[in-house]
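Survey of secondary and tertiary structure
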Amino acid sequence: MFLFVPSQNIPLLLILLIFSLTTNNTTSSLTINSTHEIFNVKQAITPLETHEKIHVADENVQENGTLKLELIHRDKLQILSRFSTYNKSNIFEDRMDRDSKRVSSIMQRITNGVGYRVDGFGSDVVSGMDQGSGEYFVRIGVGSPPKDQYMVLDSGSDIVWVQCQPCTQCYHQSDPVFDPSLSVSFTGVPCRTPVCDRVENSGCHAGRCKYEVMYGDGSYTKGTMAIETLTFGHVTVKNVAIGCGHSNSGMFTAAAGLLGLGGGSMSLVGQLGGQTGGAFSYCLVSRGTGSTGSLEFGRGVLPMGAAWVPLIRNPLTPSFYYIGLLGLGVGGVQVPISEDVFKITELGDGGVVMDTGTAVTRLPSVAYVAFRDAFLVETASLPRAPAVSIFDTCYDLDGFVTVRVPTVSFFLSGGQILTLPARNFLIPVNDKGTFCFAFAPSPTGLSIIGNIQQEGIQISFDGANGFVGFGPNIC
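A few points on the structure. (Residues numbered from 1 in each chain as written. Predicted model: local features only at pLDDT ≥ 70, side-chain atom pairs only at ≥ 80, totals over all residues. Heavy atoms only, no water.)

Quick look at the overall build of the chain now. A count of helices and strands for the chain gives eight helices and 34 strands. Taking all 475 residues of the chain together, 58% fall into the buried category. Just so you have it, the chain exposes about 18,200 Å², and 54% of that area is on carbon and sulfur atoms. (Helix = DSSP H or I, 4+ residues; strand = E, 2+ residues; numbered from the N terminus. Buried < 20%, exposed > 50% of the residue type's maximum accessible area, 1.4 Å probe, protein only. Areas by Shrake-Rupley, 256 points an atom, 1.4 Å probe, with all protein chains shown as cover.)

A separate point is the pattern of salt bridges. Counted by the stated rule, this structure contains eight salt bridges. Between Lys 343 and Asp 340 there is a salt bridge; the shortest N-O distance is 3.3 Å. Residue classification places Asp 340 among the exposed positions, given a relative accessible area of 53%. One salt bridge connects Arg 372 with Asp 392, and the closest N-O pair in it is separated by 2.9 Å. Of the two residues, Arg 372 sits in helix H7 (residues 365-378) while Asp 392 sits in the loop between strand S24 (384-385) and strand S25 (394-396), which places them 20 residues apart along the sequence. Taken together, the shared-partner salt bridges in this structure form one network comprising Arg 102, Asp 154 and Asp 355. (Salt bridge = Lys/Arg side-chain N within 4 Å of Asp/Glu carboxyl O.)

Here we take up the nonpolar core. In this structure, Phe 425 and Phe 439 are the most contacted members of the largest nonpolar core, which totals 71 residues. Core analysis: the next-biggest nonpolar cluster, separate from the first, contains 19 residues, Trp 161, Val 213, Tyr 215 and Ala 255 among them. (Core = buried A, V, L, I, M, F, W, Y, C linked by side-chain atoms within 4.5 Å.)

Moving on, we get to the state of the cysteines. Applying the stated criterion across every chain, the model contains five disulfides. Between the sulfur of Cys 167 and that of Cys 170 lies a disulfide, 1.4 Å long from S to S. The exposure class of Cys 167 is partly exposed, given its relative accessible area of 26%. Between the sulfur atoms of Cys 196 and its disulfide partner Cys 209 the distance amounts to 2.2 Å. With the S-S bond torsion at 90 degrees, the cross-link from Cys 196 to Cys 209 turns out right-handed. Of this pair, Cys 196 sits in helix H5 (residues 194-198) while Cys 209 sits in strand S12 (residues 208-214), placing them 13 residues apart in sequence. Cys 209 carries the same exposure label as Cys 196, and that label is buried. (Disulfide = S-S within 2.5 Å.)

As structure tokens, this is what we get:
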């Protein structure tokens, strides 16, 4: 479970803790007081040992002007695993390598001051853990008649693109590459049109609007812009501007392209505009639970009872969703870290970004060291293990059924405190009982709240009014 309470109302926290202990005994951790949890080691390590097949529903529910769709972790989706070239013993290392490249990409975009460096809708979403990435995937139909495709879901991108025939260079994907000649709704975008002018780094060739996007990790997509119809379950969305990629390479294994949900005008959220009121909500399913999460669009999806935190705009990178982080807590005590560490500077550096494409939360080194050291003090009785990949704080929990661990909290603007469940900060890195503290230092002043820390929590964005909400639902 997770807890979200006002910092000025600690008695309420204790009431919620007692309630959670008596009503929710199936999760991998139980909060026994405001400072510690009992973490179920055996249950948490199960995802690395089992890979049961999960059915992806074709039905989507539309009501009150909104659309709710199913979210599924990709490590549970066997349809994708047969395209993987990864050795299972190396899955974790591969995933962390891709995650480090993702973080480098984000930091390059912010440093360069551009979105990319150039050389009521939703869908099924899947996590990329079995493919060595931290991304989530959405299942949508492209064209008329619709051809189903897996798309990378990216809250930090402002473009929708898909691999297209004829393909001069394309990576392997799980579905046939989209052929625009078979779609009656496909229309190319001419040069010097409003749509083409809104595309960052657009060009012109043979009268057609060209686009090129190169990500910081070396991945890229190149092609032409088009107007196309997208289908989400039984809901059809017409006149969506997409990139039709004829030359593509990089870390998009199995997916056909990318579905950008960023704050810019060319993202899916930006293009839908008034149709959804700039509102969407997602719940990333917790690893190994066998349950499903959700992705929803429309103002009707904004929940009552959520803890709302103001979004912060950074003109340097309008694609990203920044929030105010005031501090970090371990064992119910706020770690002494200056609030300035988490603020956006006058030059647009620093700040705290919410990102679905990053797996592990990154913190500025000065904050991370203080945070980690506080956690080490509270876990001094647990047997340590050597560092693994990007993690320098690991534990040998082989043979343990449960362990007592301190709570970990984010102190957010507005006086809210988000306390994470233990499975969102202690993660298994192998099947031998090694667990690591799932945070890492950032090489710059930027903080990124990754999807591991977001799992199991309903997160809602009200772009029109500039807020992000946490809870009240869990998944």
